[in-house]
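# Report on the structure
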Amino acid sequence: MPVRKLCTILFVSVLFAFEVCSQTWELRKEGEGVKVYTRKVNGSDIQEFKGEVIAKSNLSSILSVIDNVSDYPKWMYKCTYAERLLKKNESSGYTYSVLSQSWPVSDRDLCTFYNVSQDPETKVISIEIKCVRDYIPEKPGKVRIPKLKGSWQLIPLSKGVTKIVYQVHSESGGYIPSSVVNSFITDTPYYNLLNLKKIVESPLCPKKVMENVKEL
């Protein structure tokens, strides 16, 4: 094999290995059963997060809480308002939410499209979320989040026990230094998952049975 070609292959291999390594999840926060990881994203200064928690609850009960969009301010971190803009069908639709920020940073708002699916074999429920920035006009006094892609995964471990995985990468919009965003990026998944776990495990949250959800 020519030396030049061999060197090219080695160089590409090193770059590939470096890229894979740079995208490895790093545990950043852990407590009360919640684990939060972050990793770098190519082409962005903002890190991606992934949070995990195990809840003693069935799929339907957890999904019903996530599906109740108007109640997001009760448990989603810094969410002050949320509504479902349009329900296309039982598994997809559009939502709008407002996230409060500390002065002098302006509040952020967000329009998203979501789609819910369930694997017929594993029974894993996936909720894919993506930003649809211009679905409704921008509102005065708020900065529209320009990019977001994320998901919820509800993974049944045994009857009445579910692993919840929440993963998102977004751009904040406006001007907030990436170092500031990344320093607080673990708060959203940590408190969202902690609050969700508390809700679905509470005696005040009755067990739900959803007709279109298959349990273990």
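Values in this document were obtained by computation on a predicted structure and should not be read as measured data.

Rules used throughout
- Residues numbered from 1 in each chain as written.
- Predicted model: local features only at pLDDT ≥ 70, side-chain atom pairs only at ≥ 80, totals over all residues.
- Heavy atoms only, no water.
- Helix = DSSP H or I, 4+ residues; strand = E, 2+ residues; numbered from the N terminus.
- Buried < 20%, exposed > 50% of the residue type's maximum accessible area, 1.4 Å probe, protein only.
- Contact = heavy atoms within 4.5 Å.
- Phe/Tyr/Trp six-rings, centres within 6.5 Å; stacked < 30°, edge-to-face > 60°.
- Lys NZ or Arg CZ within 6 Å of the ring centre and 35° of its normal.
- Disulfide = S-S within 2.5 Å.
- 1 Å grid on protein atoms, 1.4 Å probe; cavity = no way out; pocket = protein on both sides within 12 Å on 5 of 7 lines; lining within 4 Å.
- Points joined across faces, edges and corners; volume = space filled by probe spheres on them.
- Nonpolar A, V, L, I, M, F, W, Y, C, P; charged D, E, K, R; others polar.
- Polar contact = N/O pair within 3.5 Å; in protein donor to acceptor, adjacent residues only side chain to side chain.
- Salt bridge = Lys/Arg side-chain N within 4 Å of Asp/Glu carboxyl O.

### Let's talk about the overall build of the chain
For the chain, the count of helices and strands is four helices and 10 strands. Sequence-ordered secondary structure for the chain, helices as α and strands as β, is α-β-β-β-α-β-β-β-β-β-β-β-α-α. When each of the 216 residues of the chain is scored for burial, the buried share is 39%. Sequence-distant contacts, at least 24 apart, represent 54% of the contacts inside the chain between residues at least 6 apart.

### What about the packing of aromatic side chains?
Here the structure, examined in full by the defined rule, presents nine aromatic pairs. Aromatic rings pair up to connect F49, Y72, W75, W152 and Y166 into one cluster. In this structure, K29 is placed above the aromatic ring of Y190, and the distance from its NZ or CZ to the ring centre is 4.6 Å. Lying across the ring of Y96, K139 places its NZ or CZ 4.4 Å from the centre.

### Quick notes on the state of the cysteines
For the structure on display, the rule yields zero disulfides. Among the cysteines around C111, which has no disulfide bond, C131 carries the closest sulfur, lying 7.3 Å off. The exposure class assigned to C111 is buried, which follows from its relative accessible area of 0%.

### What to know about the layout of surface pockets
Empty space within the largest pocket amounts to approximately 1,100 Å³. Lining the largest pocket we find 42 residues, and of these Y77, L99, I145, S170 and T188 sit closest to its centre. For the lining of the largest pocket, the element with the highest residue contribution is strand β6 (residues 107-118), accounting for five residues. Class assignment of the residues belonging to the lining of the largest pocket gives a composition of 26 nonpolar, 10 polar and six charged.

### Some points on the side chain of R144
By the element assignment, R144 lies in strand β8 (residues 142-144). For R144, a relative accessible area of 2% puts it in the buried group. At a separation of 3.0 Å, a polar atom in the side chain of R144 contacts the main-chain carbonyl oxygen of I136. A distance of 3.1 Å separates the side chain of R144 from the backbone oxygen of P137, its partner in a polar contact. Once residues lying within four places of it in the same chain are set aside, the contact partners of R144 are Y96, D109, L110, C111, R133, I136, P137, E138, K139 and G173.

### Observations regarding the pattern of salt bridges
Note on pairing: side chains with opposite charge can pair once their charged atoms come close. All told, the structure shown has 10 salt bridges when counted by the stated rule. A salt bridge links D67 to R84; the shortest N-O distance between them is 3.4 Å. Here D67, found in helix α2 (residues 59-67), pairs with R84, found in strand β4 (residues 79-89); they are 17 residues apart in sequence, far enough to count as distant. Owing to a relative accessible area of 27%, D67 belongs among the partly exposed residues under this scheme. Overlapping salt bridges, with partners in common, bring together K50, E52 and K163 in one network.

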